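For reference, the chains in residue letters:
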Amino acid sequence: MLPSRLNKLLSAIWGGRPRPPRPRRLFRRRKRLSLALQGGGAHGAYTWGVLDQLLEDGRIAIDAISGTSAGAVNAVMLADGLAQGGPLEAQRRLAEFWRAASFGGNLPDLQRAVVERLFSFLPYQGSPMPWFGDLSRFLSPYDVNPLNINPLKDLIGRFVDFERIRAGDRELFITATNVITGEPRVFARADITPEAVMASACLPLLFRAVEIDGVPYWDGGYSGNPVVLPFLQSDAAADVLIVQINPRERRKVPTTAREIMSRVHEITFNAPLIAELRALELSGGRRVRLHRIVMDDHAFDARTKFNTDFEFFSLLRKLGQRATRRFLDAHCDDLGRRSTIGARAAAEDELV
């Protein structure tokens, strides 16, 4: 009798409104984990799913984060959400961003054009600005964007409080590529600004190089995608989970121009990670335990990087959540004890 009355009382109180979130499972000691988030266009929604599941699980404490390009955007959303309100706020922040960034979301047209181009890596058709369209196939942003308009700064500022990030105690690393030297610049937490994220996501055919302290930068994916070595020089957790969304291998040779360019991008943006894994191999992999969740299992082709429908983002999120549950079921007990991929094996896998 009492349970029935209690159910009626709760129903009357909530009146059809969404119920409060499920209580997280409590564990005596959470596993500390550093995250390395790769860039990869709209497929960054897969990383959203990975992060969402890690935050939901309750067994994981996110200790430090590195991110590049779209991975840098996910990284600052995660870091600021955690700093403001913990896992629930981080989940909300990520969900709000990906909803807003989707087709039909509530971004202004100019910011939407930037997001869709950032996610696709290729010229966007039907943009409200002509320099996002066919002209950008033949002319540089210095030709078609003389005012150097870059609304990405306002977009990021809408969701992230950078002062709160810099004042926090969670290590954060964002990578951009020095245009002059071709070397990576890793911005640590104290130096992270909207400009640093803009630099990390600066596609050369979309934006002019982003200058910081007089130095021009392009997308960090060319030189560090994502970076792992900075974790060795900090007090971050020795367990590093790489979220890799650019496929390591394809089962067939690309034949169309779009497929060829997509595979070129994948190889180019995976190359820095291969180099870092090689460096870890040469160092003996001291003080780091490597883990990886990779999107290889899903047969999305080059065209899906254009897809900004929220249904598609939600699908990628679910796939990321599912992969993370599988990873935790198989390897949660390994965290803090041993690598689930060896530095040598990981590097050799990249070259197969």
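Residues numbered from 1 in each chain as written. Predicted model: local features only at pLDDT ≥ 70, side-chain atom pairs only at ≥ 80, totals over all residues. Heavy atoms only, no water.

Colleague: Requested: an account of the overall build of the chain, with residues and values cited.
Modeller: Helices and strands together make up the secondary structure of the chain, namely 12 helices and eight strands. In the chain, which comprises 352 residues, the share counted as buried stands at 53%. If you take every contact in the chain between residues at least 6 apart in sequence, the share linking residues at least 24 apart comes to 74%. Counting every atom, the chain has about 16,800 Å² of accessible surface; 53% of that belongs to carbon and sulfur. (Helix = DSSP H or I, 4+ residues; strand = E, 2+ residues; numbered from the N terminus. Buried < 20%, exposed > 50% of the residue type's maximum accessible area, 1.4 Å probe, protein only. Contact = heavy atoms within 4.5 Å. Areas by Shrake-Rupley, 256 points an atom, 1.4 Å probe, with all protein chains shown as cover.)

Colleague: Lay out helix 11 (residues 310–331) in plain terms, naming residues and giving numbers.
Modeller: Over its 22 residues, helix 11 runs 31 Å from end to end, which matches the ideal 32 Å to within 8%, given 1.5 Å per residue. Within helix 11, burial applies to Phe 310, Phe 312, Phe 313, Ser 314, Leu 316, Leu 319, Gly 320, Gln 321, Ala 323, Thr 324, Phe 327 and Leu 328. (Expected span 1.5 Å × (residues − 1).)

Colleague: Go over the pairing of strand 3 (residues 171–178), please, and point to the residues and values.
Modeller: A large share of strand 3 lies buried, amounting to seven of its eight residues. Alignment of strand 2 (residues 60–68) against strand 3, held across five bridges, turns out to be parallel. Opposite Ile 65, over in strand 3, you have Leu 172 as the bridge partner. One ladder, built from four bridges, connects strand 3 with strand 4 (residues 184–187); its direction is antiparallel. What sits directly across from Thr 177, in strand 4, is Pro 184. (Pairing = 2+ DSSP bridges.)

Colleague: Give me the pattern of salt bridges: which residues, what numbers.
Modeller: Scanning all chains against the criterion turns up 14 salt bridges. Ionic pairing is found between Glu 89 and Arg 92, a salt bridge with its closest N-O pair at 2.3 Å. You can see Glu 89 and its partner Arg 92 sitting in helix 4 (residues 87–101), three residues apart, about one turn around the helix. With relative accessibility at 13%, the residue Glu 89 sits in the buried group. Judged by its relative accessible area of 36%, Arg 92 falls in the partly exposed class. Ionic pairing is found between Arg 289 and Asp 239, a salt bridge with its closest N-O pair at 2.8 Å. Within this pair, whereas Arg 289 is found in strand 8 (residues 289–294), its partner Asp 239 is found in strand 7 (residues 239–244), the two being separated by 50 residues in sequence. Given the relative accessible area of 23%, Arg 289 is considered partly exposed. Owing to a relative accessible area of 2%, Asp 239 belongs among the buried residues under this scheme. (Salt bridge = Lys/Arg side-chain N within 4 Å of Asp/Glu carboxyl O.)

Colleague: Explain a positive patch on the surface to me, using residue names and the numbers behind them.
Modeller: On the surface, a cluster of positive charge is made up of Lys 318, Arg 322, Arg 325 and Arg 326. Mapping Lys 318 onto the fold places it in helix 11. According to the relative accessible area criterion, Lys 318 is exposed, its value standing at 51%. (Patch = residues over 30% accessible without salt bridge, like charges linked within 9 Å, V, L, I, M, F, W, Y side chains within 5 Å. Lys, Arg positive; Asp, Glu negative; His and termini not counted. Charge placed at Lys NZ, Arg CZ, Asp CG, Glu CD.)

Colleague: Give me the lowdown on the pairing of strand 6 (residues 215–219), citing residues and values where you can.
Modeller: By the bridge criterion, three bridges tie strand 3 to strand 6 in an arrangement that is antiparallel. Within strand 6, the position partnered with Thr 177 by the bridge is Trp 218. Linking strand 5 (residues 210–212) back to strand 6 in an antiparallel pair, the connection comprises two residues, with Asp 213 at a positive phi of about 55°.

Colleague: Describe unusual backbone geometry, and please don't skip the residues or the numbers.
Modeller: The omega angle of the peptide bond from Asn 225 to Pro 226 is -5°, so this bond is cis rather than trans. By the element assignment, Pro 226 lies in the loop between strand 6 and strand 7. One non-glycine residue with positive phi stands out, namely Ser 69, at about 55°. Relative to the assigned elements, Ser 69 resides in the loop between strand 2 and helix 3 (70–85).

Colleague: Outline the packing of helix 2 (residues 44–57) against helix 11, supporting the account with residue identities and numerical values.
Modeller: Packed helix pairs are specified by the crossing angle of their axes together with the interaxial distance, meaning the distance between the axes. Running from N to C, helix 2 and helix 11 point in directions that differ by 50°, and their axes come no closer than 6 Å. Between helix 2 and helix 11, the interaxial angle falls into the category oblique. The interaxial crossing formed by helix 2 with helix 11 has right-handed handedness. For the pair helix 2 and helix 11, the contacting residues are Ala 45, Tyr 46, Trp 48, Gly 49, Val 50, Asp 52, Gln 53, Leu 54 and Asp 57 in the first and Phe 310, Phe 313, Leu 316, Arg 317, Leu 319, Gly 320, Gln 321, Ala 323, Thr 324, Arg 325 and Leu 328 in the second. (Axes fitted to C-alpha atoms, helices over the stretch in contact; angles between N-to-C directions. Parallel < 35°, antiparallel > 145°, perpendicular 65-115°, else oblique. Left-handed = near helix turned anticlockwise from the far one by under 90°.)

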